[in-house]
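Report on the structure
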Amino acid sequence: MEAPKLIIFDVDGTLVNSYPAIIASMNYALRKRGLPTQRDDRIRRAVGWGDRELVAAFVDRSDIDKTLALYRQHHKHSLRVEIAFMPYARQLLRHLKKRGYKVAIASNRPRRFLAILLTSLRIEKLFDYVLCKDQISFGKPHPSILNKIIKQLSVPKKNVLYVGDMAIDVKTGKRANVATCAVATGSSSFAELRHAHPDFLYRDLSPLLTIL
């Protein structure tokens, strides 16, 4: 990897602590369907693949659509009040923008919910490009989400760094043939991230403030 010019971020668990909002919405949907609620840690571990996959982890196939509708109904409200920046995330984003880096998002979230999140935190203008799973044919770990961002922003892959909190993010970056940075602030443990062999592995985002 040469000096990075484009930094692509995952969102949930990487830049934003949205777990309280996700947990609240998931358990609301389960209660409304008369199903057992789930522990916070179980829901947290299921985050990262998209909201349909999240719901599918806790209900029978026949219940997915109705439970997902309830989840989304609640989530558009919980996202406005139960989210916060991960440590150092706000400073890092402002630092990158000030230094002239191109900054993008690759998320398995539906676009409309990511828009709520970015607007609530007032950071939508800090990104040059945002791409979500429902805007392309395949979400992570398929590399197309990163490839489309890279093509859109016209940056050589040797100058791209992808930052995420899960082993799935590392896999996505490797499949796209870009450098990967994993931070142990989300759904995957430090040991799981180390096993995925990212190019860089940190406990949080703070080292990137110095490196970039």
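Scope of this entry: the structure provided in the associated data block. Just so you know, these numbers come straight off a predicted model, no measurement behind them.

What counts and what doesn't
Residues numbered from 1 in each chain as written. Predicted model: local features only at pLDDT ≥ 70, side-chain atom pairs only at ≥ 80, totals over all residues. Heavy atoms only, no water. Phe/Tyr/Trp six-rings, centres within 6.5 Å; stacked < 30°, edge-to-face > 60°. Lys NZ or Arg CZ within 6 Å of the ring centre and 35° of its normal. Axes fitted to C-alpha atoms, helices over the stretch in contact; angles between N-to-C directions. Helix = DSSP H or I, 4+ residues; strand = E, 2+ residues; numbered from the N terminus. Parallel < 35°, antiparallel > 145°, perpendicular 65-115°, else oblique. Left-handed = near helix turned anticlockwise from the far one by under 90°. Contact = heavy atoms within 4.5 Å. Nonpolar A, V, L, I, M, F, W, Y, C, P; charged D, E, K, R; others polar. Buried < 20%, exposed > 50% of the residue type's maximum accessible area, 1.4 Å probe, protein only. Pairing = 2+ DSSP bridges. Right-handed = clockwise from strand over helix to strand, strands pointing away.

Aromatic ring pairs are defined here through the distance separating the ring centres and the angle between the ring planes. Throughout the structure, instances matching the rule amount to zero aromatic pairs. Taking NZ or CZ as reference, Arg44 lies 4.1 Å from the ring centre of Tyr19, over its face. Against the face of Phe190 rests Arg203, its NZ or CZ located 3.7 Å from the ring centre.

The next point concerns the packing of helix 4 (residues 64-81) against helix 6 (residues 111-121). Helix 6 packs onto helix 4 with a crossing angle of 15 degrees between their chain directions and a minimal axis gap of 8 Å. Here helix 4 lies roughly parallel to helix 6, going by the angle between them. Along this stretch, helix 4 crosses helix 6, giving a crossing that reads as right-handed. Residues Arg72, His75, Lys76, Leu79 and Arg80 of helix 4 form the contact with helix 6, whose participating residues are Arg112, Phe113, Ile116, Leu117 and Ser120. Here the contact of helix 4 with helix 6 is composed, by residue class, of four nonpolar, two polar and four charged.

A few words now on the pairing of strand 5 (residues 129-132). Burial along strand 5 is two-sided: Tyr129 and Leu131 and Val130 and Cys132, pointing in opposite directions, are all buried. Where strand 4 (residues 102-107) lies against strand 5, four bridges are found, and the strand directions are parallel. If you follow Ala104 over to strand 5, its bridge partner there is Tyr129. One crossover worth recording links strand 4 to the parallel strand 5 by way of helix 6, and it is right-handed.

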